[in-house]
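So the chains spell out like this:
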Amino acid sequence: MNPAPSVIVFTVLSGMGFGFLALLGLTGVSGTVAFFLWGLGYGLAVAGLVASAFHLGNPQRALLAFTQWRTSWLSREAWASVITLGLFAPQALSDWLGLGLGRGFGVAGAVMAGVTVFCTAMIYAQIRAVPRWHHWTVPPVFLAYAVAGGLVLSGVSVLALPMLCVLGVTLALHWHFGARAFARAGATMESATGLGRVGAVSVFEQPHTGGNYLLREMIHVVGRRHAERVRMIAMVFSVLLPSLALAWLSGGVAVVVAAATYLIGALAQRWLFFAEAEHVVGLYYGRR
Amino acid sequence: MTGLPERTEKKLGLVIDLDTCVGCHACVTACKGWNDQGYGAPLSDQNPYGADPSGTFLNRVHSYAVQPTDTAAQIINFPRSCLHCEDAPCVTVCPTGASYKRAEDGIVLVNEAACIGCGLCAWACPYGARELDQAAGVMKKCTLCVDRIYNEALPEADREPACVRTCPTGARHFGDFADPESKVSRLTAEREGFALMPEMGTRPVNRYLPPRKKDRPEEASLLAPLLDIKATGLAGWLDRVLGKI
């Protein structure tokens, strides 16, 4: 699949933002620092959501995406993200201005933040035609990235370090199952063309000499060539380096270094998530 | 609404005969020609006369070399377009309700006025039936020529999809699969028509007819009995003697 920058930035930033907002919602901070921390969470989440609009062909109609929540995970995600941001707003104001609202809105917002990230993951996990995505490990990866991102930004290493370990294990599982997902889905050139009943199928001639939308969007081969290397970068930068930074450094420096490396790792992982995912339509072109 | 209809009154679709298709791409051209005018945004081309031309098509013809285990390879031409699936994943993923399946005849269509061009339906389709038009930013797909098949302004012979109407070898057939007596249903039954990638759970409506069994070259010559000449007389004696030396 084509790793479109807008979608990568969207899933990484909004995931990290919602993770951090959930943490703020649950724990609570007060005073001026609350303004900046809540602002950071909102900034990340909203920046991600805005980025997602950039890959639309007709973004002016984006509001229509709220209509099909009964069937569409993308529509559910739109609702969940707006509800989440709405729920956190009174909590953020209360924390900043000391209104003493209690944690009700924060806890409800944290739950909805989880729902939002789950919906984001399901947009991909629902797609059967991309076997690597159509797997139970996809929502855990997105959720683990969100929670770990929030904890890294908080700098609470007691919680962040175990969560980064969980993230590492989740990633390893996702890659482990992903490697055999395509074969397990059972789609082959023979089943795609139905010509397996005649014999072994290979491409004699492509249907067109130029490129097309399908080739650009769904038959992206660059990522797979470097998959092992990118996987290593993702693991080192989003799990190992933030852990070391939080363990060895202290204060603001630890958070900045950990968050920066984590972001690089998350972007690498998300780039690979798209780039190495194979769509079954590639079978018609004899490519994967 | 992007929920799928429980059942559709008709199940309109195509039968594509892989035995008869010669891979001439006339259906591709006719489809592009018809859908450049009238229904929805025209199928655009980018840089059509330049070094790297690209464009939107609703129908593409592949050619495969198929190697049976025990005889010579065959070339099979393979037109690929929307299969108007009963469990169309492209419909349910749509966030805006632009993508829908008609309850009356089962045609899967896109309401372009509601399409935001997110591309999710194209991802959801295993068959590559949908292409995002790069000029209009909306999703394009086969409409089964919905603006021809019910169009009373056209002569009756023309009230079928452009690809079917134009096919010079009669490799494409249009009809209602819900009617067991229709031409498409009978062809499917007689020729063991099959669906593509059933493992994707989409329940396609369109069917493909497999190539007919080809004649095989005879193992032994047809003249074998006539060539089995028993030599007699002088020739027979020579044959025996020379064989012994």
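Conventions adopted
- Residues numbered from 1 in each chain as written.
- Chains lettered and ligands numbered in written order.
- Predicted model: local features only at pLDDT ≥ 70, side-chain atom pairs only at ≥ 80, totals over all residues.
- Helix = DSSP H or I, 4+ residues; strand = E, 2+ residues; numbered from the N terminus.
- Expected span 1.5 Å × (residues − 1).
- Buried ≥ 20, exposed ≤ 12 C-beta atoms within 10 Å, placed from the backbone.
- Contact = placed C-beta atoms within 7 Å.
- Pairing = 2+ DSSP bridges.
- Axes fitted to C-alpha atoms, helices over the stretch in contact; angles between N-to-C directions.
- Parallel < 35°, antiparallel > 145°, perpendicular 65-115°, else oblique.
- Left-handed = near helix turned anticlockwise from the far one by under 90°.
- Nonpolar A, V, L, I, M, F, W, Y, C, P; charged D, E, K, R; others polar.
- Core = buried A, V, L, I, M, F, W, Y, C linked by C-beta atoms within 7 Å.
- Domains from an automatic or database assignment.
- pLDDT = per-residue confidence, 0-100.
- UniProt positions renumbered as here; feature names shortened; annotations may be inferred.

Focus on helix 2 (residues 32-52) of chain A
All names here are of chain A.
Inference 1: Spanning 21 residues, helix 2 covers 31 Å between terminal C-alpha atoms, matching the ideal 30 Å at 1.5 Å per step.
Inference 2: Those residues of helix 2 not exposed but buried are Ala-34, Leu-37, Trp-38, Gly-41, Leu-44, Ala-45, Gly-48, Leu-49, Ala-51 and Ser-52.
Inference 3: Those residues of helix 2 that are buried are in contact with helix 1 (5-27) and helix 3 (73-97).

Structural notes on the pairing of strand 5 (residues 74-81) of chain B
Residues and elements named next belong to chain B.
Inference 1: Where burial is concerned, most of strand 5 is hidden: 6 out of the 8 residues are buried.
Inference 2: As paired elements, strand 4 (residues 59-67) and strand 5 share 8 bridges and run antiparallel to each other. The residue bridging Tyr-64 from the neighbouring strand is Ile-76, located in strand 5.
Inference 3: Linkage of strand 4 to strand 5, two consecutive antiparallel strands, is achieved through a turn of 6 residues.

Regarding the packing of helix 1 of chain A against helix 2 of chain A
Residue and element names in this part refer to chain A.
Inference 1: At a minimum axis separation of 7 Å, helix 1 and helix 2 run at an interaxial angle of 155°. As the angle between them shows, helix 1 and helix 2 are arranged roughly antiparallel. Helix 2 is crossed by helix 1, and the crossing has left-handed handedness. Residues Ser-6, Val-7, Val-9, Phe-10, Leu-13, Ser-14, Met-16, Gly-17, Phe-18, Phe-20, Leu-21 and Leu-24 of helix 1 touch helix 2, and the partners they reach there are Leu-37, Trp-38, Leu-40, Gly-41, Leu-44, Ala-45, Ala-47, Gly-48, Leu-49, Ala-51 and Ser-52.
Inference 2: Here the residues of the contact of helix 1 with helix 2 are counted per class, giving 17 nonpolar, 6 polar and no charged.

Let's talk about the nonpolar core
Nonpolar side chains in soluble globular proteins generally cluster together in the buried interior.
Inference 1: Grouped together as the largest cluster of nonpolar side chains are 161 residues, with contacts concentrated most on Ala129(A), Ala148(A), Cys121(B) and Ala124(B).
Inference 2: Here this core spans two domains, since at least three of its residues come from each of domain 1 (1-126) and domain 2 (154-288) of chain A.
Inference 3: Setting aside anything within four residues of it in sequence, one finds Ala124(B) in contact with Ile127(A), Ala129(A), Pro89(B), Cys90(B) and Val93(B).

Things to note about the confidence of the model for chain A
Inference 1: Taken as a whole, chain A shows an average pLDDT of 92; of its residues, 100% reach a score of 70 or greater.
Inference 2: Here helix 9 (residues 222-225) of chain A is the element of chain A with the lowest mean pLDDT, 75, and strand 1 (residues 200-205) of chain A is the one with the highest, 96.

Brief notes about unusual backbone geometry
Residues and elements named next belong to chain B.
Inference 1: Unlike most non-glycine residues, His-84 shows phi in positive territory, near 50°.
Inference 2: A tally of 27 C-beta atoms within 10 Å means that His-84 is categorised as buried.
Inference 3: You will see that Glu-192, though not glycine, has its phi angle at about 55°, which is positive.
Inference 4: Tracing the backbone through its elements, the reader meets Glu-192 in the loop between helix 6 (183-191) and strand 11 (207-209).

Quick word on the UniProt feature "transmembrane region" (unreviewed entry) in chain A
Inference 1: With numbering matched to this structure, UniProt assigns "transmembrane region" (unreviewed entry) to residues 7-29, 35-57, 105-124, 136-153 and 233-264 of chain A.
Inference 2: Taken end to end, residues 233-264 of chain A is 94% helix and 0% strand, and its two terminal C-alpha atoms sit 9 Å from one another.

Some points on the sheet that holds strand 11 of chain B
All names here are of chain B.
Inference 1: The strand order across the open sheet formed by 3 strands is 10-1-11, and the pairing between neighbours is mixed. Looking at the sheet topology across the chains shown, the edges are occupied by strand 10 (172-176) and strand 11. For this sheet, the mean inter-axis angle between neighbouring strands, taken without regard to orientation, is 25°.
Inference 2: With respect to the sheet, helix 6 is in contact with strand 1 (12-17), strand 10 and strand 11, its orientation differing from that of strand 10 by roughly 115°.

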